[in-house]
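# Commentary on secondary and tertiary structure
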Amino acid sequence: MSLKPPIQNDGRRNTNLRVVYGACPHDCPDTCALETHVDEHGRAVSVRGRSNHPVTRGWLCAKVNRYLERVYHPERVLYPLRRSGPKGSGQFSRISWDEAIAEIAERWQQISAQHGAECILPYSYAGTLGLVQGGVTDSRFWNRLGACQLVRSICGYAAEEAVMLTVGGRLAPAPEDLIHSKLILIWGSNPASTAPHVMPFLREAQRNGTRIVVIDPIRTLTARSADQHIQPLPGTDAALALSMMHVMVTEGLHDAAWIEQHSVGWEQLRERIMQYPPERGATITGLARETIVDLARAYATTSPALLRISDGINRHTNGGQTVRTLVCLPAVVGQYGVRGGGLMYSTSDWLKWNKAAVGHSHEAACPPPTRSLNMNRLGAILTGEADPPIYSLYVYNANPAASTPNSSKVVEGLQREDLFTVVHELFETDTARYADIILPATSQLEQVDLHKPYGHLSLQYNTPAIEPLGEARSNWDVMRALSTAMGFEEPWLHQDAESVIQEVLAATAAQQPTLQGLTLERFQTEGSIPLAIPEHERVPFQDGVFRTPSKKVEFYSEQAIAKGYDPVPDWVPEVEARRDSSRLATRDELLPLLCPAAHHFISSTFGNQQTLISKERTPTLRIHAEDARVRGIRSGQLVRVSNERGWCHLVAEVSEDVRPGVLATTSVWWPKFSPDQRNVNWTTSDRLADFNGGSTFYTNLVSVQAVETDETATSAPNEALGVFVQQ
Ligand SMILES: Nc1nc2c(c(=O)[nH]1)N[C@H]1C(S)=C(S)[C@@H](COP(=O)(O)OP(=O)(O)OC[C@H]3O[C@@H](n4cnc5c(=O)[nH]c(N)nc54)[C@H](O)[C@@H]3O)O[C@H]1N2
Ligand SMILES: Nc1nc2c(c(=O)[nH]1)N[C@H]1C(S)=C(S)[C@@H](COP(=O)(O)OP(=O)(O)OC[C@H]3O[C@@H](n4cnc5c(=O)[nH]c(N)nc54)[C@H](O)[C@@H]3O)O[C@H]1N2
Ligand code: SF4
Ligand SMILES: [Mo]
């Protein structure tokens, strides 16, 4: 754990500082290896990226560089609190942990006896991606209780299913392998903001002559540094991909031999492809025919050619079929199994934790599994959709009042007098404000965990660097306390975090060779260890064997039929879309609004740190000059964005970053810092995607109106939105 003395800001070595190895816990594919420097008083004085890690390489992103501001934030919740005023009033008084745990256990025992434990809903997502404070906390106690299960569909569920149906596993190359590519299509993905450690490898590849093409309706930070930026209309990518395939097939550029040997359903896909001549693709996507033809030719004739996608592109009503279509592209040109080629989506399936060891759902003490409810529908669930109703909500690792679609419904639900809400948090988020009880949570510097990345091939162990602040407790420690209070005596509900990790490592290593030799002891000394994957096996699907039932790429999927989907990829218009995008929208016409990730936040996490808020400036609405003109909107004006679900205020930024007819903002801003206590999720839909109950944040038509007159507008958007800054 301790190494040579770290260098201080003034360049001298401080021999009194301890170095502790850690892992970034946030929902980011980079899963950085951290080192925290702790002074003789037990206070962390710096958090840095480890220099000898193959992906972190000594630096952290703009957000986690500021991690100590988060840890020592003056507004950290440090003690358990009980509501002392009306719901949502923000009035709380301090109670002890014993009182808090006893009250929760008592209420849950009552609810279980009267209505059944399926009326208790744990709601969580990506606050931390750790094995213990995430995965194990998400399952063990709740399985034992027989609580309502949560369908964890808010992020990439449709994409995951699309990838599984087509190639059968989420195996991506490590970022280091990007330098082997000659052409990289970054399709609906913004790594410069969302996976920043990929960027140095892209730059290196570019310096060596690799061409980088970004396909995104928004001119993102990633698009700015690409060799080419292609801006299709949102939700039309499947048509673009099918038209590219049309060009390949008609020009004989597809890899017929590879397709013959490694795929099923080519005839059916080919038939579909024939319905998408590039002229049709051009009409649907709003791109020039030549752009599609050139892209198809370049992709089919360059090797290695890599396709990078992430989850952004799947958050549409047609997101599942879109991703399924894209994932077929590398197969059509025979690029799966080629070093520097193929698909870079997620590395998640290089290692799968042993499920029984994580969740213990097979134990005799666990009642049979109860109903599952889709987290995207939280607002609806709390306001009448669930039958029987949910009577208690336990929120941790999540901020649904800010980050869930159709948030006004969530807030309406949280106001129910007969809903007993517990929120385990580091901060008084918009969600915590509605709690009956708030429990203080530890930060990553205060807890033990093990992290499996989804963007590279090393595991990171997190040793606590400092003592918990105030009375903060980790997620798992709260589960253990609740187990005791509920009278659950099974040892697997009472192990400490290290024992949990040891158990899961041992059970997983027995089945998966990639974990050979990766022991708890090694993690505790080394911090970060690469998976044991031999060099020649690091190229996904190099052996030509796919993880689908047929062991081939499935252009045609029986499994899709069983799920009620079209077995062959296709483009289906989004449920909300402009019918004719070829002409300028009139003043009252609704326009699609994209609300992807902000550079300085991770979902709503970090959205209460003043330095990061200042860098992100304000919740802006990027709008093209033509759309702004017909609406009488100028940069800096406050605008009202609305639809039948709700509205919010944003600050207009007339911009060439979007094409006419497309709007963009960034997410997720804290509602409580906005003048109306809202954010863009007051307009987003809780409709589910075509695959797997996925979210559809980016299928969102809104109307836009200026709410200020020209005289009150300022020229700088950040000035107008002084109002959005934390009070
Ligand atoms: N800084 C930062 N990093 C993050 C996060 C964050 O909030 N901030 N969030 C983390 C999480 S939870 C996730 S899931 C990942 C997400 O990582 P990404 O998928 O890279 O992020 P998004 O911003 O959701 O979407 C990526 C891009 O998809 C584009 N897009 C949306 N719809 C379409 C479409 O129809 N067609 C095309 N071609 N493009 C489209 C958006 O304009 C956006 O630029 O990032 C993680 N990292
Ligand atoms: N408009 C819009 N909305 C979106 C998205 C978008 O692109 N646009 N992206 C969506 C996506 S991809 C995702 S993944 C979701 C994410 O949605 P959420 O998972 O709800 O993520 P956050 O809003 O960041 O909330 C996470 C909370 O967990 C808390 N937390 C962190 N660590 C711990 C811990 O150890 N213990 C406990 N108890 N709490 C902890 C943090 O303080 C934070 O408040 O948001 C979605 N919402
Ligand atoms: S958020 Fe991502 S880039 Fe930033 S430190 Fe964490 S893992 Fe690294
Ligand atoms: Mo996500």
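Rules used throughout
- Residues numbered from 1 in each chain as written.
- Chains lettered and ligands numbered in written order.
- Predicted model: local features only at pLDDT ≥ 70, side-chain atom pairs only at ≥ 80, totals over all residues.
- Heavy atoms only, no water.
- UniProt positions renumbered as here; feature names shortened; annotations may be inferred.
- Pairing = 2+ DSSP bridges.
- Helix = DSSP H or I, 4+ residues; strand = E, 2+ residues; numbered from the N terminus.
- Axes fitted to C-alpha atoms, helices over the stretch in contact; angles between N-to-C directions.
- Contact = heavy atoms within 4.5 Å.
- Buried < 20%, exposed > 50% of the residue type's maximum accessible area, 1.4 Å probe, protein only.
- Phe/Tyr/Trp six-rings, centres within 6.5 Å; stacked < 30°, edge-to-face > 60°.
- Lys NZ or Arg CZ within 6 Å of the ring centre and 35° of its normal.
- Salt bridge = Lys/Arg side-chain N within 4 Å of Asp/Glu carboxyl O.

- If you look the protein chain up in an unreviewed UniProt entry, it shows as Molybdopterin oxidoreductase from Dictyobacter formicarum.
- Recorded in UniProt under Cofactor (unreviewed entry), the annotation for the protein chain is "Mo-bis(molybdopterin guanine dinucleotide)".
- What the UniProt record of the protein chain gives under Sequence similarities (unreviewed entry) is the line "Belongs to the prokaryotic molybdopterin-containing oxidoreductase family."

## A look at the sheet that holds strand 17 (residues 437-440)
- Spatially, 5-4-17-16-15-6 is the arrangement adopted by the six strands of the open sheet, whose pairing is mixed. Edge strands, defined here as strands with exactly one partner in the open sheet, are strand 5 (92-94) and strand 6 (120-124). On average, each strand axis in the sheet is tilted by 20° relative to the strand beside it, whichever way the strands run.
- Here two bridges tie strand 4 (residues 81-83) to strand 17, and the two strands are oriented antiparallel to one another. What sits directly across from Arg82, in strand 17, is Ile437.
- Seen against the sheet, helix 2 (residues 97-114) touches strand 4, strand 6, strand 15 (392-396), strand 16 (420-425) and strand 17 and runs at an angle of roughly 130° to strand 17.

## Considering the side chain of Ser263
- Among the structural elements, Ser263 can be located in strand 11 (residues 263-264).
- Classification of Ser263 as buried rests on a relative accessible area of 9%.
- Residues within four places of Ser263 in sequence aside, it is in contact with Trp258, Lys552, Val553 and Phe555.

## Considerations on the packing of aromatic side chains
- The final tally for this structure, using the stated rule, is 17 aromatic pairs.
- Here Trp108 and Phe141 contribute two aromatic rings whose centre-to-centre distance is 6.2 Å and whose plane-to-plane angle is 40°, an arrangement assigned as tilted. Taken together, the positions of Trp108 in helix 2 and Phe141 in helix 4 (residues 140-145) put the pair 33 residues apart, joining distant regions of the chain. Each member of the pair, Trp108 as well as Phe141, carries the same accessibility label: buried.
- On the numbers, 5.0 Å between centres and 90° between planes, the contact of Phe601 with Trp669 is edge-to-face. In this pair, Phe601 is assigned in the loop between strand 22 (591-594) and helix 23 (610-616) and Trp669 in the loop between strand 26 (663-664) and strand 27 (701-706), connecting sequence segments 68 residues apart.
- Of the residues examined, Phe601 reaches a relative accessible area of 3% and is grouped as buried.
- Accessibility expressed as a relative area gives 9% for Trp669, which makes it buried.
- Here the aromatic residues Trp108, Phe141, Trp142, Tyr394, Tyr396 and Phe488 are joined through ring pairs into a cluster of three or more.
- Stacked on the ring of Tyr79, the Lys or Arg Arg94 has its end atom at 3.5 Å from the ring centre.

## Remarks on the pattern of salt bridges
- Counted under the stated rule, the structure contains 35 salt bridges.
- The residue Glu279 makes a salt bridge to Arg289 at a minimum N-O spacing of 2.4 Å. Residue Glu279 is located in helix 12 (residues 278-285), and its partner Arg289 is located in helix 13 (residues 289-301); the two are separated by 10 residues in the primary sequence.
- Residue class for Arg289 comes out partly exposed when judged on its relative accessible area of 36%.
- With a shortest N-O distance of 3.0 Å, Arg578 and Glu589 are connected by a salt bridge. Taken together, the positions of Arg578 in the loop between helix 22 (558-562) and strand 22 and Glu589 in the loop between helix 22 and strand 22 put the pair 11 residues apart, joining distant regions of the chain.

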